[in-house]
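Structural features, examined
The residues making up each chain are set out below.
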Amino acid sequence: MAASATPILHKPLGLLAELTHRCPLGCPYCSNPLALDPREGELDTATWARVFGEAAALGVLQVHLSGGEPGARRDLVDITASAHAAGLYSNLITSAVGITEKTLGALAAAGLDHVQISIQDSEQRSADRIAGYDGAFARKRALAAEVVRLGLPLTVNAVMHRANIERIGEMVDLAIALDASRVEIAHVQYYGWAIKNRATLMPTREQVERAAALVEELRARHHGRIVIDAVVPDYYARYPKPCVGGWGRRSLNVTPAGKVLPCHAAESIPGLEFWNVREHSLAEIWAHSPAFNAFRGTSWMKEPCVSCPRREQDFGGCRCQAFALTGDAAAADPVCHLSPEHGRVAALAAVREDAPYEYRRM
């Protein structure tokens, strides 16, 4: 069957609002771009309020207030209030370093709906070492307790790699002890800064297989008590994941400086033209931005994707990963076992080093 020439313009459901790239942590797998937006270039409070109103008019239901560390914004409470006023479900994605109890209380009063806290390991010393910040683990636990005390739903985000993948069970136990309603077992995505530490972070296939089996066991054991989200890490998958549900299909990302991206890492692909909310409405960008239309639908696909029966399921996989590993953003994601470049992924997954982390600092 031929790929469709005119892609359907779906309504976006989610908005990732990157309020700032400033962050106190130095995580070696940081997913933010290599070139960070400076503080002086960040969107102001009124512009974010306008963006949220336009997002709601487009059909967006939820906004993820992210960073960097959103707590670095002194106007975070006002920004949260504007998301609430727009009728959006708001999720604060935080390192917990920089959010005080007083600030959290003000955020709850402003209409914040949900909090997601990243925790780097179940052991304090290892967690602080991975985060590159002494005392981070204790502050995360303290803020998680306050989130629950205020009656806000809590998700624990656990980014897994070779240093902590053997403690998935302990991470789930920690999330339960914190009274989280959900825990995300999120394996490192090797984009941006994470590529610098790939050989140090990469788990073995045996570790990944043990982890996948354990997750299924934990889901059965804790069914009805906590939701456990997990996916197979890309480099060990048979098929690629649909990047953000399909490029320009269900979500959009606004950077601290106002660029609107189809996915978090889209700026890593050279030659794409990203429109900015300072010059265009969100509706204009969603429908007409060259970047959003570059890989929307299936007409851009090459073989083996264009004739693959899964092309409307995974949409060729991740465009950023395809470019990073093959130099061609229109190639099949080489994670897919059908890609002629799949051998590159297997070769990279086999490279491991015991080198110190190269921490991310702004």
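Up top is the structure these notes are about.
The notes below deal with the structure included here. Bear in mind that the values here come from a model prediction, so they are computed numbers and not experimental data.

1. Let's talk about the nonpolar core
Counting 80 residues, the largest nonpolar core has Leu 15, Trp 48, Phe 52, Ile 117, Ile 168, Val 254 and Leu 282 as the members making the most contacts within it. Among the elements that line this core, the one with the most residues is helix 6 (residues 168-177), at 6 residues. Leaving out residues up to four positions away in the same chain, Ile 117 has contacts with Thr 94, Ala 96, Lys 140, Leu 143, Ala 144, Val 147, Leu 154, Thr 155, Val 156 and Asn 157. Ranked by size, the runner-up nonpolar core spans 20 residues in total, among them Cys 243, Ala 265, Cys 305 and Cys 318.

2. Re the state of the cysteines
A full pass over the atoms with the stated rule returns 0 disulfides. Here Cys 308 is not cross-linked by a disulfide; its sulfur's nearest cysteine counterpart is in Cys 336, at 6.4 Å. Here Cys 320 stays free of any disulfide, with the sulfur of Cys 263 as its closest cysteine sulfur at 3.6 Å. Overall, the relative accessible area of 2% leaves Cys 320 in the buried class.

3. Some words on the sheet that holds strand 8 (residues 251-254)
With mixed pairing, the 9 strands of this open sheet are ordered in space as 7-6-5-4-3-2-1-8-9. Sheet topology places strand 7 (227-230) and strand 9 (260-261) at the edges, where each strand pairs with a single neighbour. With 4 bridges connecting them, strand 3 (residues 89-94) and strand 4 (residues 114-118) associate as parallel partners. Considered in strand 4, the bridge of Thr 94 is made with Ile 117.

4. Considerations on helix 6
Within helix 6, 7 of the 10 residues are buried, which leaves the element mostly enclosed by the surrounding structure. Of all the residues in helix 6, the buried ones are Ile 168, Gly 169, Met 171, Val 172, Leu 174, Ala 175 and Ile 176. Against the buried residues of helix 6 lie helix 5 (136-149), strand 5 (154-160), strand 6 (182-187), helix 8 (205-221) and strand 7. In the segment just after helix 6, Asp 179 is the residue with positive phi, at about 65°.

5. So, the packing of aromatic side chains
Considering all chains together, one arrives at 6 aromatic pairs under this definition. Between Tyr 190 and Tyr 235 the ring centres are 5.3 Å apart and the planes differ by 65°, which places this aromatic pair in the edge-to-face class. Within this pair, whereas Tyr 190 is found in the loop between strand 6 and helix 7 (198-201), its partner Tyr 235 is found in the loop between strand 7 and strand 8, the two being separated by 45 residues in sequence. Tyr 235 carries the same exposure label as Tyr 190, and that label is buried. Ring geometry for Tyr 357 against Tyr 359: centres 6.0 Å apart, planes inclined by 75°, an arrangement best described as edge-to-face.

Scoring rules and cut-offs
Sequence order as written defines the numbering, with residues in each chain counted from 1. Under the rules for a predicted model, residues below a pLDDT of 70 receive no local features and side-chain atom pairs below 80 are neither given nor counted, while totals for whole chains, interfaces and linings still include all residues. Note that water and hydrogens are dropped before the side-chain values are worked out from all heavy atoms of the structure. Definition of nonpolar core: a set of buried residues of the types Ala, Val, Leu, Ile, Met, Phe, Trp, Tyr and Cys, connected through side-chain atoms within 4.5 Å. In this scheme, a residue with accessible area under 20% of its type's maximum is buried, one over 50% is exposed, and one in between is partly exposed, where area comes from a 1.4 Å probe on protein chains only. A run of H or I in DSSP counts as a helix once it spans at least four residues, and a run of E counts as a strand once it spans at least two, with each numbered from the N terminus. Whether two residues touch is decided by their heavy atoms; if any such pair falls within 4.5 Å, the residues are in contact. Disulfide: a pair of cysteine sulfur atoms within 2.5 Å of each other. Any two strands with at least two DSSP-identified bridges between them are counted as paired. The pairing test for Phe, Tyr and Trp rings, Trp by its six-membered ring, is centres within 6.5 Å, and the orientation test on the planes gives stacked under 30 degrees, edge-to-face over 60, and tilted for anything in between.

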